[in-house]
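# Coordinate analysis (summary)
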Amino acid sequence: MNTVTVTPLSLEAGAAHLEKLLRENNSSLPGTLRDKLAAAQGPDTLAALFPGESLHEEWKYTPLSILRTPWQLGQAVLSEEAPLPSLPGVSPHPIRPEAVESSPALESLPAPTTPWERLILSGATRYAAATLPKDGFYTLAVSQPTPQQAAPTFYALHVPSGVQAEVLLNTPTHPEALLLLQLHIALEAGARLTFYHAAPEGVQGSVLFLFSTTIQQEAHLSFYSFPGRYRWIRTESRVLLTGPGAEGLLYGAHTPHENELCDTAIRISHLAPHTHSNQLFRSIAFKGGRRVFLGRIHVAREGQKTNAYQSHKAILWENGAEVYSRPQLEIFADDVRCTHGVTTGFLQGEMLFYLRSRGIPDSAARALIAEGFLMEALESVPTEALRTYARHNLGLPL
Amino acid sequence: MLEIRNLHASVEGKPILKGLSLNVRPGEIHAIMGPNGAGKSTLAAVLAGKEGYEVTEGEVLFEGQDLLSLGPEERSHAGVFLAFQYPVEIPGVSMVQFLRAALNAHRAAKGEDPIDTAQLMSLLREKAALLKLDPAFLTRSVNEGFSGGERKRAEIFQMAVLNPRLAILDETDSGLDIDALRIVAEAVMSLHRPDNAFLVITHYHRILQYLTPNFVHILADGRIVRTGGPELALALEEKGYEPFLSQVV
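Everything numeric here is computed off the predicted structure, so don't read it as measured data.

## Describing the overall build of chain B
Along its length, chain B carries 9 helices and 12 strands. Each principal axis of the C-alpha atoms in chain B carries an extent, and together these give about 60 × 40 × 35 Å. Within chain B, contacts between residues separated by at least 24 positions form 69% of all contacts whose residues are at least 6 apart in sequence. Carbon and sulfur atoms make up 49% of the accessible area of chain B, which amounts to about 10,500 Å² in all. Here chain B contributes 24 positively and 32 negatively charged side chains, and the mean placements of these two sets differ by 3 Å.

Structure follows, in structure tokens:
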């Protein structure tokens, strides 16, 4: 049995330690990314995220206590070495990493604007890229199996014109490890991608997932997030709809339990006319679990005839659960349709009684209500095997 | 089958039922009528086991068993069914999922294996046809987006599927147009057998034209103040409650 001794640090000291590790590693930064970084604007240090002197609004409800651990710098395990879920009827192709320098996806990589983006980009221990050459179902696993290690990883995916693909991202992470993953996906005109983010069963460690995508003319992205259970997970998504007719649909079902945090921060930018977006999320927070949802719709001056929707419904399953939801609209065009709505409430006793009055025992009734509520966000998953996988991967303890 | 003896029940400390007694035998249909606030829906809720209703006195025996000691699901397994006045929505749970879970819970309580899919779908389609419900309705989430009439029909559809010994219909006729009322009432009557019984809570005589109750009870201020045959419902329709309540001491 391995015994790991963790020395408590202050947040500031922990962050400084992590920052130092990341910065010291930047000698391997590929040239094209160095140029991106050099052109970037934004805060330079993680201190900008700290409560107190300069509380960052986007991190207001997300504790940074994961930084207390004096992480060692480690490397994530990519793709074929990581375990895959069983998906009946699906023939998955593992995505094989290529040299990042040659990836056409980098042309559209947005400049980093946050300290995390800058640090992961400059200090990653692995840089990888891939092009999805043809239609099909692909798997991408990025795992951090080693305790006490932080693994900053940068990945870029390129989906050429006309390709229709599905990608399952799996991020198994040791309960005492930190995975820092930045993933950029470039969809060329007319490309269609269905993307799933999931994890194996069981409670995983800590993950900061920075996701960005550029969606060109008439291209389409559906992004399904059902990552299961993590001690701490924050998914930051930047979706840039850059061409007319581009579409970005984001769905998620999340279930933080005791001492778990699940944080989703989304910014969808409509940068061209006739673009469409949707954010549809359902969450259940259990006792001692915290769910954070920050969803922003940004419509630029060029984004006339935008259709944008957002909905986050959450249930506080029991006392001691926490949900923080904040929808935001930022609209600079005058001919758009944008709606947003968030609701948070307790489990309705009326629902439970209704099911029990039909003979369904209390625990099964609760499970049915929870699963039905969460699956509202995932009912449009196109592949049956993935819907089944999602249903089993919701992390319900019931 | 059902014996209610001197039942007293309160909601948030306020007494609602004040000594209600009633006997229902197999094969009978009882109608319970009464003014607003008389305790009709409280009676239904107490019999089905809803939380928040405190029984302060009296007893309820269902086939000799103490009904009040059972949880709502156990009452259902025993054969009690409540058709809700206001059925709730269960988002994301299809009627098929819901009724599969309910039927399998009933079967498990009897020590039987779960129902297979073909048998389940055949049963659901047959009962949906009885209520003249489009089969597509089976794939919809429970009560979500249903009109008032659809919700009431869905309640009787569930009753047909679960085949209870005692069905309590809590204002099932309210919100139904004339055609829907006839469909629902005829479906209910088609389910009536010598070994089951119905307790029909209603404000109106019109549903009783189809159901033909053996007994009509007037419930007022938490207890039954008068019992008669079907003619009592007709008299209530003509004269209202006042003449009957004024005779109560």
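## Digging into the confidence of the model for chain A
For chain A, per-residue confidence averages 89 on the pLDDT scale, and residues scoring 70 or more make up 93% of the total. Here residues 1–6 of chain A scores under 50 on pLDDT; set against residues more than four positions off or in separate chains, the count is 3 contacts.

## Examining the interface of chain A and chain B
Between chain A and chain B, the residue contacts involve 19 residues of the former and 33 residues of the latter. In this assembly, chain A packs against chain B so that about 2,100 Å² is buried in total across both faces, 65% of it on carbon and sulfur atoms. Per-residue buried area on chain A facing chain B is highest for A:F353, A:Y354 and A:R358; these three make up 39% of the total on that side. The interface formed by chain A and chain B contains 3 salt bridges. Of the charged contacts in the structure, one is a salt bridge between B:E155 and A:R358, with a shortest N-O distance of 2.7 Å. Put simply, chain A and chain B have 13 residue pairs in polar contact (both at pLDDT 80 or more) between them. If you list the elements that add at least two residues to the side of chain A that touches chain B, you get α4 (349–356) and α5 (362–375) of chain A. Per-class residue counts for the side of chain A that touches chain B are 9 nonpolar, 3 polar and 7 charged.

## Focus: the environment of B:M189
Residue and element names in this part refer to chain B. Take M189: it is sitting in helix α6 (residues 178–190). In sequence terms M189 and G52 are 137 residues apart; their C-alpha atoms lie 32 Å from each other. Not counting chain neighbours up to four residues away, the residues in contact with M189 comprise I29, Y210 and L211.

## Looking at the sheet that holds strand β5 (residues 65–66) of chain B
All names here are of chain B. Within the open sheet, the 4 strands sit side by side as β2-β1-β4-β5. Their pairing is antiparallel. Single-partner strands in this sheet number two, and they are β2 (14–24) and β5. Pairing between strand β1 (residues 2–11) and strand β4 (residues 53–62): 8 bridges, direction antiparallel. By the bridge assignment for β4, A9 is matched with V55. Set on the sheet, helix α1 (residues 40–48) makes contact with β1, β2 and β4; between it and β1 the angle comes to about 110 degrees.

## Some points on helix α1 (residues 11–24) of chain A
Residue and element names in this part refer to chain A. Its 14 residues place the ends of α1 20 Å apart at the C-alpha level, agreeing with the 20 Å of an ideal helix rising 1.5 Å per residue. For α1, every residue scored as buried is listed here: L11, G14, A15, L18, E19, L21 and L22. An end-on view of α1 places all buried positions within 160 degrees of arc, on one side of the element. Residues K20 and E24 are exposed on α1 and point more than 90 degrees away from its buried face. Contacts from the buried residues of α1 go to β1 (72–73), α3 (115–123), β6 (149–159) and β8 (178–187).

## Description of the packing of aromatic side chains
Within the structure shown, the criterion is met by 20 aromatic pairs over all chains. Here A:Y61 and A:Y324 contribute two aromatic rings whose centre-to-centre distance is 4.5 Å and whose plane-to-plane angle is 15 degrees, an arrangement assigned as stacked. With a gap of 263 residues between them, A:Y61 in the loop between α2 (31–38) and β1 and A:Y324 in strand β18 (residues 322–331) connect regions that are remote in the sequence. Among the residues examined, A:Y61 registers a relative accessible area of 23% and is labelled partly exposed. Of the aromatic side chains, those joined through ring pairs into one cluster are A:F137, A:Y196, A:Y224, A:F226, A:Y251 and A:Y389. Over the ring of A:W59 we find A:R234, and its NZ or CZ is 3.8 Å from the ring centre. The ring of B:Y204 carries B:R206 above its face, with NZ or CZ at 5.8 Å from the centroid.

## A few points about the sheet that holds strand β6 (residues 80–83) of chain B
Residue and element names in this part refer to chain B. Overall, mixed pairing links the 6 strands, which are arranged β6-β9-β10-β3-β11-β12 in an open sheet. Edge strands, defined here as strands with exactly one partner in the open sheet, are β6 and β12 (223–228). Shown here is a sheet whose adjacent strand axes are inclined to one another by a mean of 20 degrees, direction ignored. In this fold α1 packs onto β3 (29–33), β6, β9 (166–170), β10 (197–201) and β11 (215–220), with an angle of close to 145 degrees to the strand it touches most, β9. Packing of helix α5 (residues 148–162) onto the sheet brings it into contact with β6, β9 and β10, and relative to β6 it is tilted by some 165 degrees.

## Some details on the pairing of β11(B)
Residues and elements named next belong to chain B. Of all 6 residues making up β11, 5 are buried, and the element is well covered by its neighbours. Pairing analysis gives 5 bridges linking β11 to β12, with the strands arranged antiparallel. Bridged to I218 within β12 is R226. Where β11 folds back onto β12 in an antiparallel hairpin, the turn is made up of 2 residues, including D221, whose phi is positive at roughly 50 degrees.

## Focus on the pattern of salt bridges
Residues and elements named next belong to chain A. What the rule picks out here adds up to 32 salt bridges over all chains. Among the ionic pairs, E117 bridges to R238, the shortest N-O distance being 3.0 Å. Of this pair, E117 sits in helix α3 while R238 sits in strand β12 (residues 229–241); the two residues are 121 residues apart in sequence, bridging distant segments of the chain. Across the pair, R238 and E117 agree in class, each one buried. For R282, the salt bridge is made with E376, and the minimal N-O distance between the two is 3.0 Å. Here the residue R282 occupies a position in strand β15 (residues 276–285), and E376 occupies one in the loop between α5 and α6 (384–392), the gap between them amounting to 94 residues. For the pair shown, R282 and E376 are each scored as buried. Several salt bridges share partner residues, and in doing so they unite E58, R267, R296, R326 and E330 into one network.

## Observations concerning the confidence of the model for chain B
Mean pLDDT over chain B stands at 91; residues scoring 70 or higher make up 99%. Here helix α9 (residues 242–245) of chain B is the element of chain B with the lowest mean pLDDT, 78, and helix α2 (residues 72–78) of chain B is the one with the highest, 97.

Conventions we followed
Residue indices begin from 1 for each chain and proceed along its sequence in written order. Chain labels run from A onward and ligand labels from 1 onward, assigned in the order the entries are written. Local features in this predicted model are restricted to residues of pLDDT 70 or higher, and side-chain atom pairs are both shown and tallied only at a pLDDT of 80 or more, whereas totals for entire chains, interfaces and linings draw on every residue. Side-chain numbers come from the whole structure's heavy atoms, not from hydrogens or water. Secondary structure counts use DSSP, requiring at least four H or I residues in a row for a helix and at least two E residues in a row for a strand, with both numbered from the N terminus. Should any heavy atoms of two residues lie within 4.5 Å, those residues are counted as being in contact. Every accessible area reported is derived by Shrake-Rupley at a probe size of 1.4 Å, with residue values counting cover from the shown protein chains alone. In this tally, Asp and Glu contribute negative charge and Lys and Arg positive charge; neither His nor the terminal groups of the chain are included. Where a charge lies is defined by one atom per residue type: Lys uses NZ, Arg uses CZ, Asp uses CG and Glu uses CD. Values of pLDDT, the confidence the predictor places in each residue, fall between 0 and 100. Buried area, as used here, totals the accessible surface that two parts lose on assembly, with accessibility defined by a 1.4 Å probe and the loss added over both. We define a salt bridge as a contact between a side-chain nitrogen of Lys or Arg and a carboxyl oxygen of Asp or Glu at a distance within 4 Å. As used in this structure description, the phrase polar contact means that two N or O atoms lie within 3.5 Å; if the pair is within protein, one of them must be able to donate a hydrogen and the other to accept it, and residues adjacent in sequence are counted only when both atoms belong to side chains. Any residue that is not Ala, Val, Leu, Ile, Met, Phe, Trp, Tyr, Cys, Pro, Asp, Glu, Lys or Arg is counted as polar, Gly included; the first ten are nonpolar and the last four charged. We call two strands paired when DSSP finds no fewer than two bridges between them. To obtain an axis, a line is fitted to C-alpha atoms, over the contacting stretch when the element is a helix, and the angle between two such axes runs from 0 to 180 degrees between their N-to-C directions. Any helix carries an expected span of 1.5 Å times its number of residues minus one. Buried means the residue's accessible area, taken with a 1.4 Å probe over protein chains only, is under 20% of the maximum for its type, while exposed means over 50%, and partly exposed covers the values in between. Think of the arc as the fan of directions from the helix axis to the C-beta atoms. Whether two aromatic rings pair depends on their centres lying within 6.5 Å, for rings of Phe, Tyr and Trp, where Trp uses its six-membered ring; planes under 30 degrees apart make the pair stacked, over 60 edge-to-face, and the rest tilted. Look at NZ for Lys and CZ for Arg. If either is within 6 Å of the ring centre and within 35 degrees of the ring normal, a charge sits over the ring.

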